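Descriptive structure summary
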Amino acid sequence: MSGGEETELAGLLRAAIAGDEGAYTEFLRQAACLVRGFTRTRIVRGGIDPEDIVQETLLAIHMKRHTWRDDGPVLPWLYAIARYKLVDAFRRRGRRVEIEIDEIADTLAAPEAESVSDREVHRALASLAPGQRSVVAAITVDGRSIGETAQDLGMSETAVRVALHRGLTAIARKFGRQ
Amino acid sequence: MMDTDELIKSLAADTGRPVAPLSSVWWLAAAASVAVAAAVFAVALGPRPDIAAAIETPRFLFKFVVTVALALSAFGAACALSRPGENWRAVMPYLAAAPVLIIVAVIAELIALPPDTWSAKLIGDNSLVCLTSIPLVGIGPLAIFLLVMRHGAPTRPALAGAVAGLLAGGIAATFYAAKCTDDSPLFVATWYSIAIIGLAVLGAIFSNRFARW
């Protein structure tokens with residue numbers, strides 16, 4: 001954890017929360033790299049694709065970005081989310097995770113749910129309501145902008161933004177609340 | 001198949017809507033829960049009739065010292081537990097303040113009073129009222145705090161819920177203390193604790209289901 005990385009990430013996240021899409025994209029790219037490194041070293045047994053954890057963590061970062069104190073450090077916040085998502089992924093799959101038992105005792109106490117398989121975010125996308133799914137798919141899978149999506153689907157930009165937000169929220173919930 | 005870069009694009013496209021910082025949500029929740037507790041207290045309980053005289057007595061006043069200490073320490077711990085990566089372990093020791101205060105008071109009470117009065121003081125007159133009133137006043141605040149936990153991101157959902165229960169219990173007990181005519185620390189240490197721990201258990205159970213993310 002270098003001080004420079006920390007400062008850069010904090011600056012990007014601050015700009016992102018203020019609404020800067022470019023800064024947010026850059027922040028999420030760097031976060032994805034960090035989380036990828038974090039999960040790869042911790043998933044010692046098979047059954048979980050590290051990239052699933054990366055994606056679930058990015059979604060959680062997005063949904064919970066208001067929990068970052070903008071005068072506080074980013075990296076401990078980011079890794080705490082990644083660790084929670086990693087433990088949660090193992091919990092949902094009904095497996096033990098080989099990290100400090102101290103960190104997981106609380107989370108393991110929860111009732112288990114049905115198991116879910118590969119590339120979870122994509123599967124969750126398929127389960128969205130049709131309206132939300134077409135918007136989220138246009139932007140994520142086809143790489144459209146908000147404006148293009150609005151034109152293609154004959155919706156207002158505001159409606160596209162609302163549908164995107166609700167779709168992403170629904171996907172994030174699928175992971176957390178099961 | 002959705003790859004991570006595409007996911008990042010969609011998340012970035014979803015920025016722009018303002019998000020309320022969690023600290024202001026906590027302060028709002030604290031104000032709202034005190035208002036809710038005050039309203040329930042005013043409607044269902046009301047202060048004891050001799051409150052003007054009671055204010056002159058140290059035992060009555062000390063109840064507020066303990067309950068306010070609990071509420072303040074639990075508020076700090078709850079805020080820390082609602083954020084990932086926060087050093088919540090550093091604020092947990094403050095939660096010992098209220099128990100330590102009441103234990104010291106119990107010892108003082110045992111020294112001050114002859115042993116044959118101890119059991120009467122402990123049992124008091126209102127134990128059932130205490131056991132129902134504190135949960136009654138505290139359940140609204142607990143619901144509010146669990147909503148904040150859900151809005152936040154507790155990495156220890158059950159523990160966060162338990163502390164939310166202590167916070168709700170501290171607020172509820174502060175109001176109930178004005179109604180309760182049993183001022184002995186022996187009574188407070190027994191019945192207030194049971195009621196508050198009940199809220200903490202409730203908070204832990206609900207939070208573990210409801211505040212996962």
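Parameters and conventions
- Residues numbered from 1 in each chain as written.
- Chains lettered and ligands numbered in written order.
- Predicted model: local features only at pLDDT ≥ 70, side-chain atom pairs only at ≥ 80, totals over all residues.
- Helix = DSSP H or I, 4+ residues; strand = E, 2+ residues; numbered from the N terminus.
- Buried ≥ 20, exposed ≤ 12 C-beta atoms within 10 Å, placed from the backbone.
- Contact = placed C-beta atoms within 7 Å.
- Nonpolar A, V, L, I, M, F, W, Y, C, P; charged D, E, K, R; others polar.
- Domains from an automatic or database assignment.
- Axes fitted to C-alpha atoms, helices over the stretch in contact; angles between N-to-C directions.
- Parallel < 35°, antiparallel > 145°, perpendicular 65-115°, else oblique.
- Expected span 1.5 Å × (residues − 1).
- pLDDT = per-residue confidence, 0-100.
- Left-handed = near helix turned anticlockwise from the far one by under 90°.
- Core = buried A, V, L, I, M, F, W, Y, C linked by C-beta atoms within 7 Å.
- Arc of directions from axis to C-beta.

1. Regarding the overall build of chain B
A tally of helices and strands in chain B yields nine helices and zero strands. Moving toward the C terminus, one meets the helices and strands of chain B in the order α-α-α-α-α-α-α-α-α. Taken along the three principal axes of its C-alpha coordinates, chain B extends 75 × 35 × 25 Å. Expressed as a percentage of its 213 residues, the buried residues of chain B come to 48%.

2. Notes on the overall build of chain A
Check the secondary structure of chain A and you find nine helices and zero strands. Reading chain A from its N end, one meets helices and strands in the order α-α-α-α-α-α-α-α-α. Out of the 178 residues in chain A, the part that is buried amounts to 40%. Sequence-distant contacts, at least 24 apart, represent 54% of the contacts inside chain A between residues at least 6 apart.

3. A few points about the interface of chain B and chain A
Each side of the interface is counted separately: chain B has 33 residues, and chain A has 44 residues. It is helix H1 (residues 4-13) of chain B that contributes the most residues to the side of chain B that touches chain A, nine residues altogether. A class-by-class count of the residues in the side of chain B that touches chain A yields 17 nonpolar, nine polar and seven charged.

4. Let's talk about the domain arrangement of chain A
All names here are of chain A. Each assigned domain of chain A is listed with its residue range as follows: domain 1 (3-108) and domain 2 (120-176). On the side of domain 2, seven residues touch domain 1, which itself brings seven residues to the contact. Partitioned by chemical class, the residues of the side of domain 1 that touches domain 2 number three nonpolar, two polar and two charged.

5. What to know about the packing of helix H8 (residues 146-153) of chain A against helix H9 (residues 157-176) of chain A
Residue and element names in this part refer to chain A. Running from amino to carboxyl end, H8 crosses H9 at an angle of 105 degrees, the nearest separation of the two axes being 9 Å. One way to sum up the angle between H8 and H9 is to call them roughly perpendicular. On H9, the residues that touch Ile146, Gly147, Thr149 and Ala150 of H8 are Glu157, Val160 and Arg161. When the residues that make up the contact of H8 with H9 are grouped by side-chain class, the tally is three nonpolar, two polar and two charged.

6. Some thoughts on the environment of Leu28 of chain A
On the secondary structure map, Leu28 of chain A appears in helix H2 (residues 21-42). A count of 25 C-beta atoms within 10 Å places Leu28 of chain A in the buried class. Not counting residues up to four positions away in its chain, the partners in contact with Leu28 of chain A are Leu58 of chain A together with Ile8, Leu11 and Ala12 of chain B.

7. Brief notes about helix H3 (residues 50-63) of chain A
Residue and element names in this part refer to chain A. Look at H3: 20 Å from first C-alpha to last across 14 residues, which is about the 20 Å you get at 1.5 Å a residue. The element H3 is extensively covered by neighbouring structure, given that twelve of its 14 residues are classed as buried. Among the residues of H3, those classed as buried are Asp52, Ile53, Val54, Gln55, Glu56, Thr57, Leu58, Leu59, Ala60, Ile61, His62 and Met63.

8. What to know about the confidence of the model for chain B
Across chain B, the average pLDDT comes to 95, with 99% of residues at or above 70. Per-element confidence in chain B is highest for helix H8 (residues 157-179) of chain B, whose mean pLDDT is 98, and lowest for H1 of chain B, whose mean pLDDT is 88.

9. Quick look at the packing of H3 of chain A against H9 of chain A
All names here are of chain A. At a closest axis distance of 10 Å, the pairing of H3 and H9 adopts a crossing angle of 120 degrees. Accordingly, the angle class assigned to the pair H3 and H9 is oblique. As for how H3 packs across H9, the hand of that crossing is left-handed. For the pair H3 and H9, contact is made by Glu56, Leu59, Ala60, His62 and Met63 and by Leu168, Thr169, Ile171, Ala172 and Phe175, respectively. Grouping the constituent residues of the contact of H3 with H9 by class yields seven nonpolar, two polar and one charged.

10. Considerations on the nonpolar core
Residues and elements named next belong to chain B. Core analysis: the biggest nonpolar cluster contains 56 residues, and Ala78, Phe145, Val163, Ala164 and Leu167 have the highest contact counts within it. Going through the elements one at a time, helix H2 (22-45), helix H4 (58-81), helix H5 (97-112), helix H7 (127-151), H8 and helix H9 (185-210) are the ones with two or more residues in this core. Among the elements that take part in this core, H8 stands out by supplying 15 residues, more than any other. Ignoring sequence-local partners within four residues, the contact set of Leu167 consists of Ala71, Ala74, Phe75, Ala78 and Phe145.

11. Some thoughts on the confidence of the model for chain A
Confidence in the prediction for chain A averages 80 pLDDT; 81% of positions are at 70 or higher. Note that pLDDT drops below 50 for residues 104-118 of chain A; the model gives that stretch 26 contacts with residues more than four away or on any other chain.

12. As for the environment of Gly176 of chain A
Among the structural elements, Gly176 of chain A can be located in helix H9. For Gly176 of chain A, a count of 21 C-beta atoms within 10 Å translates into the label buried. Taking the C-alpha atoms as reference points, Gly176 of chain A and Asp52 of chain A, separated by 124 residues in sequence, lie 14 Å from one another. Here Gly176 of chain A is in contact with Arg212 and Trp213 of chain B, once residues within four sequence places are set aside.

13. Focus on helix H1 (residues 3-17) of chain A
All names here are of chain A. For H1, built from 15 residues, the straight-helix expectation of 21 Å at 1.5 Å per residue is met to within 8% by its first-to-last C-alpha distance of 21 Å. Those residues of H1 that fall on the buried side of the exposure criterion are Leu9, Leu12, Leu13, Ala16 and Ile17. Buried residues of H1 fall within an arc of 130 degrees about the axis and therefore sit on the same side. Relative to its buried face, H1 has exposed residues pointing more than 90 degrees away, namely Gly3, Gly4 and Thr7. In this structure, the buried side of H1 is in contact with H2 and helix H4 (75-92). Positive phi shows up at Gly19, right after H1, with a value of about 115 degrees.

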